[in-house]
2 protein chains.
Amino acid sequence: MDLHILDHRLRVTSISKSGLVDYTHPLIKLIFLRNRTRCKFFSLTETPENYTVVLDEEGFKELQPSQRLQVESSVWLPLNVVSNGNASSSSQAVGVTKIAKSVIAPLARQHVSVFMLSTYQTDFILVREKDLSVVVSSLEEEFNIYREVAGESVPVRSQDVRNGLHKNGKEAIQPTVHPVLVPQNQFCVMSLDPDTLPSIATTLIDVLFYSSSPKDGGELSAAPELDCIKFFSFSLIDGYVSLVMDTEAQRQFPADLLFTSSSGELWRMVRIGGQPLGFDECGIVAQISQPLADSDISAYYISTFSFDHALIQTRSSIPVSSLCDPHPCWEGIVTVCHYDKLQ
Amino acid sequence: MDLHILDHRLRVTSISKSGLVDYTHPLIKLIFLRNRTRCKFFSLTETPENYTVVLDEEGFKELQPSQRLQVESSVWLPLNVVSNGNASSSSQAVGVTKIAKSVIAPLARQHVSVFMLSTYQTDFILVREKDLSVVVSSLEEEFNIYREVAGESVPVRSQDVRNGLHKNGKEAIQPTVHPVLVPQNQFCVMSLDPDTLPSIATTLIDVLFYSSSPKDGGELSAAPELDCIKFFSFSLIDGYVSLVMDTEAQRQFPADLLFTSSSGELWRMVRIGGQPLGFDECGIVAQISQPLADSDISAYYISTFSFDHALIQTRSSIPVSSLCDPHPCWEGIVTVCHYDKLQ
């Protein structure tokens, strides 16, 4: 298999809930007006805590510094695994499950922090630019590694990149046990033809920027569903649109424009972290994806500024609800705190 | 004819050019998300100086006070003339020309300031709430006057409203002579089905909020056409959409959604005022509309925070270009300063 180091230098930022008003102008530009910006990698995820915005340096220039914008100090590079057809994979699973053993586990062993961003199209593994040499040396046995430079794929070997392995690279990991939440809402992972993005503009703007405003100028209509989490993710990366939303948000969009995989699967969320996770702890994605990979359960994985989110097949042979027992595959790895008894 | 005092209490505000970014969030809500606001009267006009926003008190609540928002201190009420079919009018002209003699001139004689807002559908004559009694007594001879209250039209007579005529009401007007500009661009006055507003959302957002951003992330493309003025007006009033834009902006919109009068007329602009006009001088609209009415030339009239704008039929028998001679009908009323020789 091939691993590509994509030609985007990314920043990971967070806009506070109250700060969204200040950043509506640049965000709408980045989402809808592609001919007004050179940004090629943009992702916006709303969680109950804040808005996580991951974007390349061209996009980052659009965000004026303010107290309501937090910026992780590193430059992150997105990695992308390309199945070139030669590799035989017994797994039918999709998402982070597919790369759990080949990418996520080796990086965790080398104490490399990763920031995951699954989309409809693919899974981006973001690593810090300064960790690149460790990344390459950790993965070059398994992968042909290429660095994309101005549209060209240039082969990379570990002697090409500075620095060696971290000196503590071989120590065993003592994973921190993080509590998880399993909200009741079900999610879908969707896409649409980027040329039809204008057709859903007002709906998307409504959902992204005004979902906390009262409707009909009155009071906030119903209280948010108990046991449900607010989570909406939009990304526009190299011209491809990906949307992750729950079924309630989905109902607001015209059914004929958004598409999902033919199976139309729904996903349950496992939110990882009782306290904000930060960016320095390694192995979190590995802890979650490993048991899923062992059981061949498909999962998407979306990191945000504060917490991580795995989206797990609801139709998997091991039902998500069993996580709350917890299922043996999670034992010793996570403590399952759920809002309520799952059906 | 009937004159209706509409059931909207309006504020006239101005957002500075640099302040637009701060007000993008509420403005987009007011323009596109009707189910999120109780605002029923909204108008936004971009001029080279600023953005004039006229809106009712429900809409005004959405605008956070800041140094970049100027607010005229009065409450304004919109008047609207309704031809009830009985009145015989020899004029075929539309717009402010039609009401020049019956409304504009009498109010000017009574020293009542008016703020004009022509739209595709009708012409709103905004007067200060405190001037209402003078307005009613000045116009009740010519009109049946109704005040709209909660959907009902209630007849109004001058004894119903407090205060009499201004004591200086009968003095002769010594009109101030204002310079005017006649830019080269041609304008159209358009509308669209409000249900199709989402279809033009990204284009409208682009034109309204990003026209000063460089395209393709590069430098600002061409310098604005010499001798042309930036002027774009959008209004959403009681569910009706009206747009005034020049032919260059028009080209950005899909041709099949916006409609104009069957004649598809274009209009030339006469901008009144070398220095900001303020809100206290009376008779400006009268000075401009009187000679147009005398010659039966159709004209729209849009007041903004700083300047007034008349839009005059290009196909009128007296060509606009003759204004620069100046045409006899303007003599003694305006000094014509034009950017360049008109063709």
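Attention in this report is confined to the structure presented alongside it.

## Comments concerning the overall build of chain A
- A tally of regular secondary structure across chain A gives seven helices and 18 strands.
- For chain A, the share of sequence-separated contacts (at least 6 apart) that also reach a separation of at least 24 residues comes to 78%.

## Topic: the side chain of B:Glu72
Residues and elements named next belong to chain B.
- Relative to the helices and strands, Glu-72 resides in the loop between β5 (69–71) and β6 (76–82).
- In terms of polar contacts, Glu-72 uses its side chain to reach the side chain of Arg-128, at 2.9 Å.
- Setting aside residues no more than four positions away along its own chain, Glu-72 makes contact with Arg-11, Val-12, Arg-128, Phe-279 and Phe-305.

## Brief notes about the pairing of strand β7 (residues 114–118) of chain A
Residues and elements named next belong to chain A.
- Across the five residues of β7, five count as buried, placing the element largely inside the fold.
- Every second residue of β7 is oriented toward a common face, with Val-114, Met-116 and Ser-118 on one face and Phe-115 and Leu-117 on the other, all of them buried.
- As judged from the five bridges shared by β7 and strand β8 (residues 123–128), these two strands associate in the antiparallel manner. Bridge pairing in β8 links Met-116 to Ile-125.
- Connecting β7 to the antiparallel partner β8 that follows it, the hairpin turn spans four residues.

## Overview of helix α3 (residues 96–109) of chain A
Residues and elements named next belong to chain A.
- Here α3 spans only 17 Å end to end across 14 residues, well under the 20 Å set by a 1.5 Å rise per residue.
- Counting buried positions along α3 yields 11 of 14 residues, so the element is predominantly enclosed.
- For α3, the complete set of buried residues consists of Val-96, Thr-97, Ile-99, Ala-100, Ser-102, Val-103, Ile-104, Ala-105, Pro-106, Leu-107 and Ala-108.
- The secondary structure elements touched by the buried residues of α3 are β6 (76–82), β7, β8, α4 (132–139), α7 (284–294) and β16 (299–303).
- Just downstream of α3 lies His-111, where phi reads positive at about 60°.

## Re the interface of chain A and chain B
- Counting residues at the interface gives 27 residues for chain A and 27 residues for chain B.
- At the boundary of chain A with chain B, total buried surface from both sides reaches about 2600 Å², with 55% on carbon and sulfur atoms.
- Contact with chain B buries area across many residues of chain A, yet A:His25, A:Arg36 and A:Tyr210 alone supply 30% of it, more than any other trio.
- Counting every contact that joins chain A to chain B gives two salt bridges.
- Across the salt bridge formed by B:Arg36 and A:Asp206, the nearest N and O atoms sit 2.5 Å from each other.
- Put simply, chain A and chain B have 10 residue pairs in polar contact (both at pLDDT 80 or more) between them.

## As for the relation of the copies chain A and chain B
- Its rotation angle being 180°, the transformation that places chain A on chain B also includes 0.0 Å of axial translation and leaves an RMSD of 0.0 Å. Both chain copies can therefore be described as sitting about a two-fold axis.
- Take the interface residues of chain A: 100% of them recur as interface residues in chain B, which is what a same-surface contact looks like.

## Structural notes on helix α1 (residues 20–32) of chain B
- In α1(B), a bend of some 40° at B:Pro26 exceeds every other bend along the element.
- With respect to burial, α1(B) is a largely interior element, 11 of its 13 residues being buried.

## Things to note about the nonpolar core
- Of all hydrophobic cores here, the largest spans 76 residues; its most connected members are A:Leu204 and B:Leu204.
- Aside from chain neighbours lying at most four places away, what touches A:Leu204 is A:Ile31, A:Phe32, A:Leu197, A:Phe232, A:Phe234, A:Leu243 and A:Phe253.
- With 41 residues, the next largest nonpolar core counts B:Ile5, B:Ile99, B:Met116 and B:Val134 among its residues.

## What about the side chain of B:Asp206?
- With respect to the helices and strands, B:Asp206 occurs in helix α5 (residues 201–209).
- There is a polar contact of 2.5 Å between the side chain of B:Asp206 and the side chain of A:Arg36.
- The residues touching B:Asp206, leaving out its near neighbours within four places in the chain, are A:Leu33, A:Arg36, B:Ser211 and B:Gln252.

## Notes on the packing of α1(B) against α5(B)
Residue and element names in this part refer to chain B.
- Where α1 meets α5, the axes come as close as 12 Å, and the angle between the chain directions of the two elements is 145°. Between α1 and α5 the crossing geometry is right-handed. Every residue of α5 that contacts α1 at Leu-20, Thr-24, Leu-27, Ile-28, Ile-31 and Phe-32 is listed here: Ala-201, Leu-204, Ile-205, Leu-208 and Phe-209.
- Per-class residue counts for the contact of α1 with α5 are 10 nonpolar, one polar and no charged.

## Regarding the pattern of salt bridges
- According to the stated counting rule, one finds 26 salt bridges over all chains in the structure shown.
- Here A:Glu58 ties to A:Lys61 by a salt bridge, and the two come within 3.3 Å at their closest N and O atoms.
- Here B:Arg9 and B:Glu129 are joined by a salt bridge, their closest N and O atoms 2.7 Å apart. Of this pair, B:Arg9 sits in the loop between β1 (2–5) and β2 (10–16) while B:Glu129 sits in the loop between β8 (123–128) and α4 (132–139), placing them 120 residues apart in sequence.

Reading the values: the criteria
Residues numbered from 1 in each chain as written. Chains lettered and ligands numbered in written order. Predicted model: local features only at pLDDT ≥ 70, side-chain atom pairs only at ≥ 80, totals over all residues. Heavy atoms only, no water. Helix = DSSP H or I, 4+ residues; strand = E, 2+ residues; numbered from the N terminus. Contact = heavy atoms within 4.5 Å. Polar contact = N/O pair within 3.5 Å; in protein donor to acceptor, adjacent residues only side chain to side chain. Buried < 20%, exposed > 50% of the residue type's maximum accessible area, 1.4 Å probe, protein only. Pairing = 2+ DSSP bridges. Expected span 1.5 Å × (residues − 1). Buried area = accessible area lost by both parts, 1.4 Å probe. Salt bridge = Lys/Arg side-chain N within 4 Å of Asp/Glu carboxyl O. Least-squares fit on C-alpha atoms with pLDDT ≥ 70 in both. Bend = angle between axes of the 7 residues up to and from the residue. Core = buried A, V, L, I, M, F, W, Y, C linked by side-chain atoms within 4.5 Å. Axes fitted to C-alpha atoms, helices over the stretch in contact; angles between N-to-C directions. Left-handed = near helix turned anticlockwise from the far one by under 90°. Nonpolar A, V, L, I, M, F, W, Y, C, P; charged D, E, K, R; others polar.

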